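Structural overview for review
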Amino acid sequence: MDDKIILDGNTFDGYAIPSGNTFILVIKAENGLLGCGYISLETAERVGDAVAIVSGVNNFDDMLNAQVKSVSSAAAKLGVAPGMSGRDALLKMS
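First, a word on what this report is: a plain description of the structure on this page. Keep in mind that what you see is a predicted model, and the values were worked out from it rather than measured. (Residues numbered from 1 in each chain as written. Predicted model: local features only at pLDDT ≥ 70, side-chain atom pairs only at ≥ 80, totals over all residues. Heavy atoms only, no water.)

**Here we look at the pattern of salt bridges**
To keep it simple, the criterion reads: Any carboxyl oxygen of Asp or Glu within 4 Å of a side-chain nitrogen of Lys or Arg constitutes a salt bridge here. With a 1.4 Å probe rolled over the protein chains alone, any residue whose accessible area is under 20% of its type maximum counts as buried; one over 50% counts as exposed, and the rest are partly exposed. Runs of H or I in DSSP of at least four residues are treated as helices and runs of E of at least two as strands, each being numbered from the N terminus.
For the coordinates displayed, the defined rule picks out two salt bridges. For Asp13, the salt bridge goes to Lys4, with nearest N and O atoms at 2.4 Å. For Asp13, a relative accessible area of 23% gives the class partly exposed. On the accessibility criterion, Lys4 (56% relative accessible area) is exposed. The shortest N-O distance in the salt bridge between Arg87 and Asp8 comes to 2.9 Å. With Arg87 in helix α4 (residues 86-92) and Asp8 in the loop between β1 (2-7) and β2 (10-19), this pair connects stretches of sequence that are 79 residues apart. Since its relative accessible area comes to 29%, Arg87 is described here as partly exposed.

**Some thoughts on the sheet that holds strand β3 (residues 22-29)**
Short version of the rule: Any two strands between which DSSP finds at least two bridges are classified as paired.
Across the sheet, which stays open at both edges, the six strands sit in the order β1-β2-β3-β4-β5-β6 with mixed pairing between neighbours. Strands with a single pairing partner mark the edges of an open sheet, and in this sheet they are β1 and β6 (70-71). Direction of pairing for β2 relative to β3: antiparallel, over a ladder of seven bridges. Note that in β3 the partner of Asp13 across the bridge is Lys28.

**Considerations on the environment of Glu45**
Applied cut-off: Residue contacts follow a heavy-atom distance rule, with two residues in contact if any of their heavy atoms lie within 4.5 Å.
Along the polypeptide, Glu45 turns up in helix α1 (residues 41-47). Expressed as a C-alpha distance, the spacing of Glu45 and Ser73, which sit 28 residues apart in the sequence, is 6.8 Å. With residues up to four places along the chain from it excluded, the contact list for Glu45 reads Ser72 and Ser73.

So this is what it looks like as structure tokens:
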């Protein structure tokens, strides 16, 4: 399932991939992505991608409102930091 998410005039692509008893949730910004706890920050770091991770989320609205738990160094360079909202992280990566 995919969805368009619009924040402050920016459009983001949301993807919900079924996986057993849950969904892998990702919202793609122009310069990075916001992912659920299923996403590997270690892999993002290794390949140099800007990634912010939120956890305990069940849908895209949860992701936007959740606090970022961890970020890759590429995301940090864009101004994304743990503790900010998923919404704010996406806007930094747009």
